[in-house]
Every structure is written in structure tokens, then in C-alpha cells.
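Residue-level structure breakdown
These are the residues of each chain, in order.
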Amino acid sequence: MTPTLLDHLEPARLHALEQIWAVLPEARLVGGVVRDLMVERPIADVDLAVPQPPEEVMQGLKAQGMTVVPTGLAHGTVTAVIDSAPYEITTLRRDVETDGRHAVVCWTDNWQEDAARRDFTINAMFCDSTGTVHDYFGGQQDLANGIVRFVGDATLRIQEDALRILRFFRFWGRYGRGQADAQAMHAITAQADLLNGLSVERIWSELKRILVGPKVLEVVYLMQQAGILPVLLPEGTNVPLFAQLMACHPPADALLRLAALVPEKSADLARRLKFSRAEAARLKAMQAEPVPLPDMSDAQLRHLLADTSPDILAARSWLYQARHPDVLGTELRQRLAQLEIPVFPLAGRDLLEAGCQPGPHVGQVLKDVRNWWQQGGCAADKQACLAHALGLAKALP
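The sections below set out a description of the structure shown in this document. Fair warning: this is a prediction, and the values are worked out from it, not measured in the lab. (Residues numbered from 1 in each chain as written. Predicted model: local features only at pLDDT ≥ 70, side-chain atom pairs only at ≥ 80, totals over all residues. Heavy atoms only, no water.)

Focus: the packing of helix H13 (residues 254–261) against helix H17 (residues 310–323)
One can describe the packing of H13 onto H17 by two numbers: an axis separation of 10 Å at closest approach and a directional angle of 35 degrees. The way H13 lies across H17 gives a crossing that is right-handed. Taking contact as the criterion, the partners of Leu 256, Ala 259 and Ala 260 in H13 are, on H17, Ala 315, Trp 318 and Leu 319. When grouped by side-chain class, the residues that make up the contact of H13 with H17 number 6 nonpolar, no polar and no charged. (Axes fitted to C-alpha atoms, helices over the stretch in contact; angles between N-to-C directions. Helix = DSSP H or I, 4+ residues; strand = E, 2+ residues; numbered from the N terminus. Left-handed = near helix turned anticlockwise from the far one by under 90°. Contact = heavy atoms within 4.5 Å. Nonpolar A, V, L, I, M, F, W, Y, C, P; charged D, E, K, R; others polar.)

Focus on the packing of helix H9 (residues 200–211) against H13
If you want to describe how two helices pack, look at the angle between their axes and the distance between the axes. The contact between H9 and H13 brings their axes to 9 Å, and the two run at 90 degrees. Judged by the angle between their axes, H9 and H13 are roughly perpendicular. In contact with Trp 204, Leu 207, Lys 208 and Leu 211 of H9, H13 contributes Ala 254, Leu 255, Arg 257, Leu 258 and Leu 261. In the contact of H9 with H13, the residues fall into 7 nonpolar, no polar and 2 charged. (Parallel < 35°, antiparallel > 145°, perpendicular 65-115°, else oblique.)

As for the layout of surface pockets
Its boundaries defined by the atoms lining it, the largest pocket holds a volume of some 1600 Å³. As for the largest pocket, its lining consists of 47 residues, and the residues nearest its centre are Asp 47, Arg 118, Asp 119, Arg 167 and Phe 171. Those elements that place two or more of their residues in the lining of the largest pocket are helix H2 (32–38), strand S2 (46–50), strand S5 (85–91), strand S6 (93–98), strand S7 (103–107), helix H7 (164–175) and H9. Here the lining of the largest pocket takes 8 residues from H7, the largest share from any one element. Partitioned by chemical class, the residues of the lining of the largest pocket number 16 nonpolar, 11 polar and 20 charged. When its volume is computed, the second largest pocket comes out at roughly 210 Å³. What lines the second largest pocket is Ala 259, Pro 263, Met 286, Gln 287, Ala 288, Glu 289, Val 291, Arg 316, Leu 319, Tyr 320, Arg 323 and His 324. Tallying contributions element by element places H17 first for the lining of the second largest pocket, with 4 residues. (1 Å grid on protein atoms, 1.4 Å probe; cavity = no way out; pocket = protein on both sides within 12 Å on 5 of 7 lines; lining within 4 Å. Points joined across faces, edges and corners; volume = space filled by probe spheres on them.)

Section: the pattern of salt bridges
Going through the model one piece at a time under the given rule, you end up with 17 salt bridges. Residues Asp 350 and Lys 382 are paired through a salt bridge, measuring 3.2 Å at the closest nitrogen-oxygen approach. With Asp 350 in helix H19 (residues 348–353) and Lys 382 in helix H21 (residues 382–395), the pair connects residues that are 32 residues apart, well separated along the chain. For Asp 350, a relative accessible area of 10% gives the class buried. One continuous salt-bridge network, built from bridges that share partners, spans Arg 157, Glu 160 and Arg 164. (Salt bridge = Lys/Arg side-chain N within 4 Å of Asp/Glu carboxyl O. Buried < 20%, exposed > 50% of the residue type's maximum accessible area, 1.4 Å probe, protein only.)

Digging into the packing of aromatic side chains
If you walk through the whole model with that rule in mind, you get 10 aromatic pairs. An angle of 75 degrees between the planes, with centres 5.1 Å apart, marks the rings of Trp 111 and Phe 126 as edge-to-face. On the criterion of sequence distance, the pair formed by Trp 111 in helix H4 (residues 111–116) and Phe 126 in strand S8 (residues 125–127) is long-range, its members being 15 residues apart. You can call Trp 111 buried: its relative accessible area is 11%. Here Phe 126 falls in the buried class, since its relative accessible area comes to 0%. Note on Phe 168 and Phe 169: the rings are 5.3 Å apart at their centroids and 85 degrees apart in plane angle, and the pair reads as edge-to-face. The pair Phe 168 / Phe 169 is uniform in exposure class, with both members buried. Pairwise contacts between aromatic rings join Phe 120, Phe 150, Phe 168, Phe 169, Phe 171 and Tyr 175 into one cluster. (Phe/Tyr/Trp six-rings, centres within 6.5 Å; stacked < 30°, edge-to-face > 60°.)

Structural data, given as C-alpha cells:
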């Protein structure tokens, strides 16, 4: 048999799709799964498109004993769950009305109409049950040439959903090569302000994926060239510092990379983009003091570890190295990861059991002892800390 795209699917997924095709023979794989099968990349989600309305799709699948969840009936989407894996099945659609954020759609049985409403040519391809690819807008050629191109008129595609501006840069980082598509860049530059109409949650979700994606430095330069950085990040950016961080080959940590890209007013940024409390606290901690340095002793590093997690200290080290490229931090971060996190061995009940009278002075003694313990590199054990505490307690008036 002639090899097809379907030969690249895992056997379990292919078996599940064969069950769906037995009920919906006209169904076609669509979007990312087709694109990534073509370039032999790992498959994340398997989505399908069908010409039948969603209620008919649900009825047919359920009649064969499959679990079907109505995940988005208003948008024509149901999800078949086979061997605990989801398969999203969406009725072919055409846009009736768009406002830059949401679309009103109606069903169609025209495959090209459905492809025409998608964002990029590389995401607008279908693959049927025989492995035949249906490509209405040259997506295969664009994928082979490393071109990320909007389907049809780039200006209209952006007006339909301004998030496509950010999706363009994310997909260019993953699939693009050479010069970015000129029509796309022109349309993005001309309509950058449309980003202000998006919810900040959608912006942050997409920006996170860009920051941990491939070729992120090239992507940021491209975003700068298109003039969207001031709109996207009005708090101000430091692209040279970001470039210095990326030259150090940091981990794929969106907050760490953001801390270098927007080193000032990060608290304002966290509030505007509605970070979770954990994200906001972590970003703030990354940019705080003290910073671990390579010439610090293990005792000094233990002192820091008593108050701050190794993850945060490592992040501070990366940011320091970005600002001081001649300071190497690899060995330092290895030491931080290997050192045991010190735990202060004393509690108030230990002092009371040793004969101290209860009262507010107990808390002050504990605070003083903990400071002494840290200054000594967190090396003193419980017995030594207790002895020091009792000495301090006796000296109190």
C-alpha cells in the first residue's frame, strides 16, 4: 500500500479513529494534527471536522456505545472519549458575524468554506480516512517552505480575531524560516491596537506559549519589528537584556523569561494581565534580593536557602548572569540544587519544655536564635540552638 499520513499515527489513536470513521465516514482530521503529521512532530490533540450537525454526530456515536460529551454545541463541537483519550469533532462552519473576539457561526457542508475561516494555511488542511490530504490554500507548500501565512486576506483574518496576531508569532517560531510573510507583517503592524480589545487572560495564555516556544528571541525581535511590543507590553521592555538571558540558555520558564523582558514595573504587568497570586508572587520573588553569587560558600548559600526556595534563587542567578554575562552561574545552580534545604530545628514549645516562662519574649528569642543559626550557615543542631536560646532568655530583664 502507498504510505499515507495515517501511517505516522500511534496504533491506539488510529484504532480510535477507525471507530469514529465507522460511524462518520466523511469525517476528516483537521488543523494541527494534519500539520504535525506532515512534519512528523509529536501530536498533541486529534481534532476532526464533519459535515453533519452536532446533534446527529452525538446520536450516531452514542448508538455505537461511545462516550460523547457536548463540549461546545453552540460552536458545533462534541468530544468522543475513547480509551480515556478525547477526540474533538466539530461541524463544518462559516462565519456569519465577527467582532474581533468572538464569532457567530452557522453550519455548512462545504469543506472549503470551513477552511477559509481558519487562521493560517498550515492549519487549514484536512486528511480523510484514506490518508488523502485536502488542501485548499497551499498549506502543504507553505509548511515545506517555512512560511506562516494567513488564509486569504490577512487584515480580515486579524479583524475576525485579534489574538491571531500573537498566534502568528507563536506559529512562526515553531514552523517559520527566513523572512516572515510581508502581507502578514504589514497587517499586524497596521492593526496592532486591536490587541487592546482582547481579554488579558487570552493575551497572557498566548504570551506564555510564545515565551517557552522555539526561537523565542527571533520571535521577540520580529514582534519588535512589527511594532506590537509597546501595545502588548506597555510597561516597557528591555529586549537587549532578554537577548542576554537567552544567550545563557535558560530553562523554558515563561515567568523567568518575562522577568528579563519586562524587568521594570513587573508588579504593574502582573496586575494588568491578571496573573494568579502564585504567578505574581513568583515573578516578584525572582526580581528581589539577595542574589546568590558563585563565590559564596555553602554556608552562605544555606543561609539564603533557609528563607528562599532553590527555584527562586536559581531564577535570580539567571537574571544576574544576564546582566553580568562574564559571571557564570552553572556551577552555582548545581550547588543550589544539591544542597539540603535547611530547616530551623527549634519551636516555641521547645523553650517552654526547657523551663522558659510563656510570654511575648519567647517569640523574640526564637527570632534572635534563628538569625544566629542562619548567620552560622544553618549548621547548629537543635541542642545547640536550644542552649543559645536559653542563654538569651536568661539575659532578658
